[in-house]
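# Residue-level structure breakdown
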Amino acid sequence: SFLTTMTIFFLILISVSRTVPLQIILLSFGVYSLYYKDINLIKFAGSIFVGVILMFAVVVFRGYEQEDTFSLGDVVMDLIINNRSTYLAMEIVDQKGLMLGENMISPAAAPIPFLQSLFISSGFDVNDLSSSKFFTVYTLGEFDGFGLGTNIIADIFLSFDFVGVIALMFLLGFMVAKSRFFAKSNIYYLALYAIFMSYAVSL
């Protein structure tokens, strides 16, 4: 199972994106620490360092071109770009008001066949159905495959303002804590906790 997981990890890492391989690694480390041995602070910090280098290496491998002199900021630029979305969400809400969940339709509807198409045919703008695409079009004017990214705080704020961020993040924290508490005794809570762990960084 380890060899299979690592094979899938490297194939996806080389060919598609960094998101899914990162989710596989987070899930594997999380389940290992839950069932076998806790990951201490030194191992945790070391894994973060190795992870940052590995993820940047993938960017370089895919044809990253440096216009100016190299800086350490380039290594963590993905995190900086996503963090920018938080401030952009505040600006958009001040200027245009709340989206009231419209920017969350695409990820919520994705598992259900044809549901996204139904929303689009009902008059919803395809660029407004997900925050990442919305921020990209808002900033660059179009979506051509390159996205600026987003984060969960920006997503919630864009729809439900500060009160929504507080309420929904408390709800998320409660669900994470509950699923972790029952993970060793209930397979469904284990699956839920594993999903939460796999999305920890991308959220």
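For the structure given in this document, a descriptive report is provided here.

Procedures and definitions
Residues numbered from 1 in each chain as written. Predicted model: local features only at pLDDT ≥ 70, side-chain atom pairs only at ≥ 80, totals over all residues. Heavy atoms only, no water. Core = buried A, V, L, I, M, F, W, Y, C linked by side-chain atoms within 4.5 Å. Buried < 20%, exposed > 50% of the residue type's maximum accessible area, 1.4 Å probe, protein only. Helix = DSSP H or I, 4+ residues; strand = E, 2+ residues; numbered from the N terminus. Contact = heavy atoms within 4.5 Å. Expected span 1.5 Å × (residues − 1). Bend = angle between axes of the 7 residues up to and from the residue. Polar contact = N/O pair within 3.5 Å; in protein donor to acceptor, adjacent residues only side chain to side chain. Axes fitted to C-alpha atoms, helices over the stretch in contact; angles between N-to-C directions. Parallel < 35°, antiparallel > 145°, perpendicular 65-115°, else oblique. Left-handed = near helix turned anticlockwise from the far one by under 90°. Phe/Tyr/Trp six-rings, centres within 6.5 Å; stacked < 30°, edge-to-face > 60°. Patch = residues over 30% accessible without salt bridge, like charges linked within 9 Å, V, L, I, M, F, W, Y side chains within 5 Å. Areas by Shrake-Rupley, 256 points an atom, 1.4 Å probe, with all protein chains shown as cover. Salt bridge = Lys/Arg side-chain N within 4 Å of Asp/Glu carboxyl O.

### Details of the nonpolar core
- Residues Leu-88, Ala-89, Ile-92, Val-93, Met-99, Phe-134, Phe-135, Ala-154, Ile-156, Phe-157, Leu-158 and Val-165 constitute the largest nonpolar core, which totals 12 residues.
- Going through the elements one at a time, helix H4 (77-96), helix H7 (131-140) and helix H8 (152-182) are the ones with two or more residues in this core.
- Among the elements that line this core, the one with the most residues is H8, at 5 residues.
- Sequence-distant contacts of Val-93, defined by excluding residues within four places in its chain, comprise Leu-98, Phe-157, Leu-158 and Asp-161.
- With 6 residues, the next largest nonpolar core counts Leu-34, Leu-190, Ala-194 and Met-197 among its residues.

### So, H8
- The first and last C-alpha atoms of H8 sit only 25 Å apart over 31 residues, clearly below the 45 Å expected at 1.5 Å per residue.
- The sharpest bend along H8 measures roughly 130 degrees and falls at Phe-160.
- Where H8 is concerned, the buried positions are Ala-154, Asp-155, Ile-156, Phe-157, Leu-158, Ser-159, Gly-164, Val-165 and Ser-179.
- Two or three places before Ile-153, at the opening of H8, Asn-151 has a side-chain oxygen 3.1 Å from that residue's backbone nitrogen.

### Concerning the packing of helix H2 (residues 19-35) against helix H9 (residues 187-198)
- In the contact formed by H2 and H9, the axes pass within 8 Å of each other and the chain directions differ by 130 degrees. Of the possible angle classes, the one that applies to H2 and H9 is oblique. Remark: the crossing between H2 and H9 carries right-handed chirality. Counting all contacts with H2, which are made through Gln-23, Leu-26, Leu-27, Gly-30, Val-31, Leu-34 and Tyr-35, the residues of H9 involved are Leu-190, Tyr-193, Ala-194, Met-197 and Ser-198.

### Examining the packing of aromatic side chains
- Tallied over the full model, the rule gives 6 aromatic pairs.
- Note on Phe-119 and Phe-124: the rings are 5.5 Å apart at their centroids and 75 degrees apart in plane angle, and the pair reads as edge-to-face.
- When the ring of Phe-181 is compared with that of Phe-182, the centres are 5.0 Å apart and the planes differ by 90 degrees; the resulting orientation is edge-to-face.
- Using a relative accessible area of 65% as the deciding quantity, one classes Phe-181 as exposed.

### Some details on unusual backbone geometry
- Phi at Leu-100 is positive, roughly 50 degrees, even though this residue is not glycine.
- Within the secondary structure, Leu-100 is located in the loop between H4 and helix H5 (105-109).
- Its identity is not glycine, yet Asp-161 carries a phi of approximately 65 degrees, on the positive side.
- Within the secondary structure, Asp-161 sits in helix H8.

### Some details on a nonpolar patch on the surface
- A contiguous nonpolar surface patch, about 880 Å² in accessible area, is contributed by Phe-29, Tyr-32, Tyr-35, Tyr-36, Ile-39, Leu-41, Phe-44 and Ile-48.
- Mapped onto the nonpolar patch, the elements with two or more residues apiece are H2 and helix H3 (41-61).
- Along the chain, Tyr-32 falls in helix H2.

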